[in-house]
Amino acid sequence: MRNTKSTRFLTETIQKLRIAVIGDVMLDRYIYGEVKRISPEAPVPVNHVRHMESVLGGAGNVAANLAGLGVQVYAAGVTGLDAHREDLEQKMAGAGIDFSGLFPMPGRKTITKLRVIGGRQQMLRLDFEEPGDLDPDEEKQLLDWLQKRLQQGLDGIVLSDYAKGVCSDHFCQTVMALAHQSQVPVLVDPKGSDWRKYTGCDFITPNVKEMCEAGGKVVPNETGPLVELAAKARDTFHIRNVVVTRSEKGVSLINKQEVITEAATARDVFDVSGAGDTVAAVLLAAVAGGLSLGEALNLSNKAAGIVVSKVGTYPVHREELLKEVLASEEREGRDYRPLSWEEVTSLARTWQAAGERIVFTNGCFDILHAGHVQYLEQAAKLGQHLIVGVNTDASVKRLKGETRPLNQENDRARLLAALACVDAVVLFGEDTPTELIKRIRPDILVKGGDYRPEEVAGREYAGKVEILPFKEGYSTTGVIQKIVKLVKEGKL
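Every value quoted in this text rests on a predicted model; they were computed, and no experiment measured them.

Asks: I'm lost on the packing of helix H6 (residues 208–215) against helix H7 (residues 223–236) in this one. Help?
Replies: Between two packed helices, both the angle of their axes relative to each other and the distance between the axes serve to describe the pair. It is the contact of H6 with H7, at a shortest axis distance of 10 Å, that shows an interaxial angle of 55 degrees. Considered as vectors, H6 and H7 are oriented oblique to each other. For H6 against H7, the interelement crossing comes out left-handed. Along the contact surface, H6 presents Val208, Met211, Cys212 and Gly215, while H7 presents Leu226, Leu229, Ala230 and Ala233. Of the residues assigned to the contact of H6 with H7, the class counts are seven nonpolar, one polar and no charged.

In structure tokens, the structure reads:
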């Protein structure tokens, strides 16, 4: 087990945190389809609808990100008494979010946004909303709820402002006063050019456009000009840390002592919806969990990189972020470890919940050669994620004899994890991977060689079995025999 702070935070500390998310909770609806023609009725594309789904949006997405990370989350705000409220409750209950602070109010409507997606591109957005400031009774209910939560214990508060009415000037200032009395940090995800209501917050997370609006000046997405604007806002509104999310250029944190910039992770970007929510959620959780500002910023930037590679509002999950951290540490030359059974199982559930197909294969991979690589690349093309099960040293010894393996299990796993086509590597000590496959339940189980599908171990726990041929002329045994022959001939 690694002992780096970020890894320990994600595997141990994060699940002990308690964070309240207060603000404009919304429901995001998506219609997914394909566009293959233009309508004969008007010059508009025709979207052939494939499926529809709803997810938590606005402040709800911040809460969903925190819940996905394993944090105990408490959501607060106001909604209508309508069917969309019922959908919100179901989504929050399913995510494990406490929504006792989300009050249904007569005369209000639950804010809902409908997005139409053609292929992987957003075509249209429809907003259903009637925003309005909190009335005195609504504000009192929310503040009474917050005081009780603070008495019971909180590690952080997110104020998620979408300018729909919850985050009024008086309400924001009262929340911060109550939080600071209890020594609880407050992070604000802002909206609008007037930051007076955010005065005194611990963190504020504008994007470049919002930073320019607040600074009253349009500047390019360059570190120098943005730091100048952020420093001015920091001093004017007595904000401890200004964190500017900068799209393809990453994220920068500015306080009185330092400026920290994290470059964006190189990824295919499909949708930036909700990436700012992810940064806010991970940053506050990391700081509340004891990570330094630099470590917290690095972690939130990694999380945002995961989210923008997805279509639609997508909350990051702890297992995905842990995998990203482990891969990053591996690239930096730190000690490698494969994922545990629990981690890879949870990661598989996360991918499948997002509609992504998982491919599983296994082997000893004692001496990794070109035949292995070709086989793994072919397997990976069958789905979106390839998980490789690797026999432990003890398992290889039972299967191959006392002289094997030549390379120990962690080294074999590390080489596989370095391949671009491999998404996760996990060890198993049994003679067959049946129990591991039972845990993972892949969509596609791949086996190489002359097997028949009915002969493949673990087939009953997979969606289907695919048999791929091995590349002729490549085998680990052949490599070993060639080396032995050369040694006997005195050529090595």
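More follows now that the structure is in view.
Asks: Any chance you could explain the side chain of aspartate 277 here in plain terms?
Replies: By the secondary structure assignment, aspartate 277 is in helix H8 (residues 275–288). Buried charged residue aspartate 277 carries no salt bridge. Nearest counter-charge: arginine 115, at 8.2 Å. Here the side chain of aspartate 277 touches tyrosine 162 through a polar contact of 2.7 Å, side chain to side chain. Apart from the residues lying within four places of it in its own chain, the contact partners of aspartate 277 are Gly58, Asn61, Val62, Asn65, Tyr162 and Asp189.

Asks: Looking at this structure, I do not really get unusual backbone geometry. What am I missing?
Replies: When glycine is set aside, most residues are seen to have a negative phi, and most peptide bonds are trans. Residue proline 405 is bonded to the preceding arginine 404 through a cis peptide linkage, with omega at 5 degrees. Position of proline 405 among the secondary structure elements: in the loop between helix H13 (393–400) and helix H14 (409–417). Notably, histidine 238 is not glycine yet its phi reads approximately 55 degrees, a positive angle. Following the sequence through the fold, histidine 238 ends up in the loop between H7 and strand E11 (241–245). Classification of histidine 238 by relative accessible area gives exposed; the value is 57%. Although it is not a glycine, phenylalanine 365 adopts a positive phi angle of roughly 50 degrees. Inspection of the secondary structure assignment puts phenylalanine 365 in the loop between strand E14 (358–363) and helix H12 (370–380).

Asks: I'm lost on the packing of helix H2 (residues 59–68) against H8 in this one. Help?
Replies: Between H2 and H8, the least distance of the axes is 8 Å, while the angle of their chain directions is 50 degrees. Accordingly, the angle class assigned to the pair H2 and H8 is oblique. The hand of the H2/H8 crossing is right-handed. In this structure, H2 contributes Asn61, Val62, Asn65 and Leu66 to the contact, and H8 contributes Asp277, Thr278, Ala281 and Ala285.

Asks: Hey, could you run me through the pairing of strand E4 (residues 72–79) in this one?
Replies: If a strand is regular, its side chains alternate between the two faces of the sheet. Most of E4 is tucked away: seven of the eight residues are buried. Of the strand pairs in this sheet, strand E1 (residues 18–23) and E4 are connected by five bridges, and their pairing is parallel. When the sheet's bridge partners are listed, isoleucine 19 is paired in E4 with valine 73. Bridging between E4 and strand E5 (residues 98–104) involves five bridges; their strand directions are parallel. Bridge assignment links alanine 76 to a residue of E5, and that residue is glycine 101. Chirality of the crossover, the property in question, places the unit of E4, helix H3 (residues 83–95) and E5 among those that are right-handed.

Asks: Help me understand the packing of aromatic side chains in this model?
Replies: Working definition: an aromatic ring pair is given by the centre-to-centre distance plus the angle between the planes. Scanning the model with the defined rule gives two aromatic pairs in all. Plain terms: the ring middles of tryptophan 195 and phenylalanine 237 are 6.3 Å apart, the flat faces sit at 55 degrees to each other, and that makes the pair tilted. Residue tryptophan 195 is found in the loop between strand E9 (186–189) and strand E10 (203–204), and its partner phenylalanine 237 is found in the loop between H7 and E11; the two are separated by 42 residues along the sequence. Take tryptophan 195 and phenylalanine 237: they sit in the same class, and that class is buried. Arginine 149 extends its terminal NZ or CZ atom over the ring of tyrosine 74, reaching a point 3.7 Å from the ring centre.

Asks: What is the right way to look at the environment of glycine 429 in this model?
Replies: Of note, glycine 429 is situated in the loop between strand E16 (424–428) and helix H15 (434–440). Put simply, glycine 429 and leucine 419 are 10 residues apart on the chain and 23 Å apart in space, counted from C-alpha to C-alpha. Residues within four places of glycine 429 in sequence aside, it is in contact with Thr392, Ser395 and Arg398.

Asks: I keep staring at the sheet that holds E10 and nothing clicks. Help me out?
Replies: Hydrogen bonding along the main chain pairs the strands of a sheet, whether they run parallel or antiparallel. Across the sheet, which stays open at both edges, the nine strands sit in the order E5-E4-E1-E8-E9-E10-E11-E12-E13 with mixed pairing between neighbours. Every interior strand has two partners, whereas the edge strands, E5 and strand E13 (259–262), have only one. Across four bridges, the pairing between strand E8 (residues 156–160) and E9 is parallel. Opposite serine 160, over in E9, you have aspartate 189 as the bridge partner. Across the sheet, H8 touches E1, E8, E9, E10 and E11, and the angle it forms with E9 is around 170 degrees.

Scoring rules and cut-offs
Residues numbered from 1 in each chain as written. Predicted model: local features only at pLDDT ≥ 70, side-chain atom pairs only at ≥ 80, totals over all residues. Heavy atoms only, no water. Axes fitted to C-alpha atoms, helices over the stretch in contact; angles between N-to-C directions. Helix = DSSP H or I, 4+ residues; strand = E, 2+ residues; numbered from the N terminus. Parallel < 35°, antiparallel > 145°, perpendicular 65-115°, else oblique. Left-handed = near helix turned anticlockwise from the far one by under 90°. Contact = heavy atoms within 4.5 Å. Nonpolar A, V, L, I, M, F, W, Y, C, P; charged D, E, K, R; others polar. Buried < 20%, exposed > 50% of the residue type's maximum accessible area, 1.4 Å probe, protein only. Lys, Arg positive; Asp, Glu negative; His and termini not counted. Salt bridge = Lys/Arg side-chain N within 4 Å of Asp/Glu carboxyl O. Polar contact = N/O pair within 3.5 Å; in protein donor to acceptor, adjacent residues only side chain to side chain. Pairing = 2+ DSSP bridges. Right-handed = clockwise from strand over helix to strand, strands pointing away. Phe/Tyr/Trp six-rings, centres within 6.5 Å; stacked < 30°, edge-to-face > 60°. Lys NZ or Arg CZ within 6 Å of the ring centre and 35° of its normal.

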